[in-house]
Amino acid sequence: NHVVKKKPQYLGALQNNVAVDPKQLIGEAFHQRVGAVNHELCDPGEEDTFFVADLGEVYRQHLRWKKNLPRVKPFYAVKCNPDPKVLQLLAALGTGFDCASKGEIEQVLGLGVSPDHIIYAQPCKTNSYVRYVKSVGVKQMTFDNADELHKIAKLFPGAELFLRIMTDDTSSLCRLSMKFGAPMDTTESLLALAKELGLNVVGVSFHVGSGASDPAAFRKAVVDAHTVFQQALTYGFHLRVLDVGGGFCGETFETMAGVLDDALAEYFPSGCGVDIIAEPGRFYVATAFTIACNIIARRTVDDPAAKTTSYMAYINDGVYGNFSSIMFDHQHPVAKILHAGGQTLYNTYAAEPAPGDEGIEYSIWGPTCDGIDLISQSTRFNRILDVGDWLYFENMGAYTKCSATQFNGFPNAHDTIYVYSESGAKALLDL
Ligand code: PLP
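The shown structure was predicted, so the numbers you read here are calculated from the model rather than taken from an experiment.

Visitor: Residue-level account of the site of the ligand, with values.
Guide: By nearness alone, 15 residues border the ligand, and Ser210, Glu279, Gly281, Arg282 and Tyr399 come closest of all. At 3.0 Å from an oxygen atom of the ligand is found a side-chain nitrogen or oxygen belonging to His207. Between the ligand and the protein, one listed contact pairs an oxygen atom with a side-chain N or O atom of Tyr399 at 2.5 Å. Classifying every residue of the shell around the ligand by side-chain character gives 4 nonpolar, 6 polar and 5 charged.

Visitor: Requested: an account of the packing of helix α8 (residues 146–155) against helix α9 (residues 187–196), with residues and values cited.
Guide: At a minimum axis separation of 10 Å, α8 and α9 run at an interaxial angle of 15°. Classified by the interaxial angle, the pair formed by α8 and α9 is roughly parallel. Considering how the two elements wind past one another, α8 and α9 form a crossing that is right-handed. Residues Ala146, Leu149 and His150 of α8 lie in contact with α9, whose contacting residues are Leu190, Leu193 and Ala194.

Visitor: I'd love a proper account of the sheet that holds strand β8 (residues 241–243), names of residues and values included.
Guide: Whenever strands of a sheet pair, they do so through backbone hydrogen bonds, lying parallel or antiparallel. The 8 strands lie next to each other as β2-β3-β4-β5-β6-β7-β8-β9, forming a closed barrel whose pairing is parallel. Pairwise comparison of adjacent strand axes, ignoring direction, gives a mean angle of 30° for this sheet. With 5 bridges connecting them, strand β6 (residues 160–164) and strand β7 (residues 200–205) associate as parallel partners. Across the sheet, residue Arg164 finds its bridge partner in β7, namely Ser205.

Visitor: Tell me about the pairing of strand β1 (residues 50–54), and name the residues and values.
Guide: Among the 5 residues in β1, 5 count as buried, and that is most of the element. The two faces of β1 match: Phe50, Val52 and Asp54 on one face and Phe51 and Ala53 on the other face are all buried. Here β1 pairs with strand β10 (residues 289–303) via 4 bridges, running antiparallel. Bridged to Val52 within β10 is Thr290. When β1 meets strand β17 (residues 416–419), the two strands line up parallel, connected through 4 bridges.

Visitor: Before we move on, can you summarise helix α14 (residues 423–430) with the specific residues and values?
Guide: Burial in α14 covers these residues: Gly424, Ala425, Leu428 and Leu429. All buried residues of α14 fall inside an arc of 135° around its axis, so they share one side.

Visitor: Break down the side chain of Asp317 for me, citing the residues and quoting the values.
Guide: Mapped onto the secondary structure, Asp317 falls in the loop between β11 (308–315) and α13 (324–328). One buried charge, Asp317, has no salt-bridge partner; the nearest side chain with opposite charge is Lys401, at 11 Å. At 3.3 Å, the side chain of Asp317 forms a polar contact with the side chain of Thr49. Reaching out from Asp317, the side chain makes a polar contact with the side chain of Asn322 at a distance of 2.7 Å.

Visitor: I'd like to hear about a nonpolar patch on the surface, residue by residue, with values.
Guide: Side chains of Met327, Phe328 and Ile372 sit close together on the surface and give an oily, nonpolar patch of about 300 Å² of accessible area. Along the chain, Met327 falls in helix α13. The exposure class of Met327 is partly exposed, given its relative accessible area of 37%.

Visitor: Account for the environment of Leu428, naming residues and giving values.
Guide: You can see Leu428 is positioned in helix α14. Separated by 186 residues in sequence, Leu428 and Leu242 place their C-alpha atoms 29 Å apart. Once you skip the residues sitting within four places of it in the chain, Leu428 turns out to touch Tyr10, Ala13, Leu14, Tyr59, Leu89, Ala92 and Leu93.

Visitor: Give a description of the pattern of salt bridges that names residues and reports values.
Guide: Scanning the entire structure with this criterion turns up 20 salt bridges. Two residues, Asp386 and Arg298, come together in a salt bridge whose shortest N-O distance is 3.7 Å. On the criterion of sequence distance, the pair formed by Asp386 in the loop between β15 (374–381) and β16 (390–393) and Arg298 in strand β10 is long-range, its members being 88 residues apart. Assessed through its relative accessible area of 39%, Asp386 is described here as partly exposed.

Visitor: Kindly report on the side chain of Asn322, identifying the contributing residues and their values.
Guide: Mapping Asn322 onto the fold places it in the loop between β11 and α13. Here the side chain of Asn322 touches His414 through a polar contact of 3.0 Å, side chain to side chain. Sequence-distant contacts of Asn322, that is, excluding residues within four places in its chain, are made with Thr49, Phe51, Ile291, Asp317, Met396, Thr400, Lys401, Ala404 and His414.

Cut-off values and rules
Residues numbered from 1 in each chain as written. Predicted model: local features only at pLDDT ≥ 70, side-chain atom pairs only at ≥ 80, totals over all residues. Heavy atoms only, no water. Near = heavy atom within 4 Å. Polar contact = N/O pair within 3.5 Å; in protein donor to acceptor, adjacent residues only side chain to side chain. Nonpolar A, V, L, I, M, F, W, Y, C, P; charged D, E, K, R; others polar. Axes fitted to C-alpha atoms, helices over the stretch in contact; angles between N-to-C directions. Helix = DSSP H or I, 4+ residues; strand = E, 2+ residues; numbered from the N terminus. Parallel < 35°, antiparallel > 145°, perpendicular 65-115°, else oblique. Left-handed = near helix turned anticlockwise from the far one by under 90°. Contact = heavy atoms within 4.5 Å. Pairing = 2+ DSSP bridges. Buried < 20%, exposed > 50% of the residue type's maximum accessible area, 1.4 Å probe, protein only. Arc of directions from axis to C-beta. Lys, Arg positive; Asp, Glu negative; His and termini not counted. Salt bridge = Lys/Arg side-chain N within 4 Å of Asp/Glu carboxyl O. Patch = residues over 30% accessible without salt bridge, like charges linked within 9 Å, V, L, I, M, F, W, Y side chains within 5 Å. Areas by Shrake-Rupley, 256 points an atom, 1.4 Å probe, with all protein chains shown as cover.

So this is what it looks like as C-alpha cells:
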C-alpha cells in the first residue's frame, strides 16, 4: 500500500519531527482570522464560526497510542470526525479505518487506503451497502444477530466476519449495548448458524461504550471475547483477530490502556497468533480542534431586586450546529474569550474573574429559534462582552461537526484552519 511505498520519506518525517508550542500556533491562527473581520462592513458568512485544528495533536495522540498499546493496531472510527486532513494524516501514519456506511468507506478508499485496512463495523448493515463493499473488496465486517448472518450469506458470503459481543457499558458517556452486541448466551448459536451457512467468522469485536470510564469493562470484555474464541474452536473457526473497539478518552487513556494491555497479556498473549485491533475515535481528535464563535446578539438582564445585571449572549453556532455534542455526546463545552474590544485574549487568563471576584454572569445561546439551543446556563467573565466579540471553545474535535444540522438555515460546513505543532504531521501530509 501507499505507506509502504513511501517508507524512507515516512521514516524521515518522523525522525526529523520538531515540536512547536500548540497554543502559540493556535493563537496566531485565531488572531489573523478574527482580526480580518470587520463587523460593521463584513459580508454574510465572514463572521461565521470556524475551527482551528492542530494536526500535531493528532500525531501526538498516535505516538501516545503506540507507546501504551504497541500490540493494538488502531482503526480510526471515521464517524467521530471525518475531517479530510485528519483522515489523510492517519492514513499516512498507517492506521486502519472503522467505517459505518458507504459514504465513509468511499471517503477512505478515495485516500488510496487499501480495502483490507477498513472494517465495516456496523452490525446492522444496509443491503445495498453490503453489495457495495463486496464490489470494492472491503471484506471485514461485524455482526451480532442471526438475521444479519442470513443477510450476509445472501449478499456477501465471502466476508470476513467479527462477532460483536455485548459489553457492560454502564460507565460510558454514550451507551451502545442497548442497540448492539450479542449477549453471551447467544454467541454459541450464532457461531453454529454461521457454520451452517458456510460463513467465515474471523474474529470477535466489542465496544465498551463511547467515553468509557471504568477500566474493568475492558477486562470483562476481553475475558468474554476469550470465551467466544474457545467456543468458536468447537465450530471449526480458528479466530485470528480481536477488535477491542473504541471508548478511549485522553484523560484516562493510560489507566484504560494499562488494564486492557494486562488483560490482553493474560488472555491473548503475544505470539498466540491473534492480531489485536481497535476502533478509537474520540481519543485521536477530541483535543485537536478548537472552535471560534462570534457573539451576534446580546440581551441585558437586569434584576432590580438582586441589584444585578447579567447577559444572555447569542453566538452563531449552537446545539443544532457544531455544539451537537451537547445533545448527542453529553458534553459541556467551556466558553473562553477569544477577542473582545479589539483585543485578542486567547489563552491569556485576562478574561477570567480575579479570585474572590464573582465577575459578570452570562448564559450562552445558539442562533436558532429553539429554546433548547443553549450552550451554557452560566459562565462568568471579568468584562462586558458585546456584539462582534468572539468566544472560543477547546476540545471540540469529537462528535461535533459530523452531527451538525442546517436547522434554521444556518450553514453546517465551516472553515478549518490547520496548524501543525509537530512538523512530522505536516511532513507526512506533504509526502
Ligand atoms: N466503533 C464503533 C462501532 C462505534 O459505534 C464507535 C462510536 O460510537 C466507535 C468505534 C468510536 O468510539 P470512541 O469515539 O468512543 O472511541
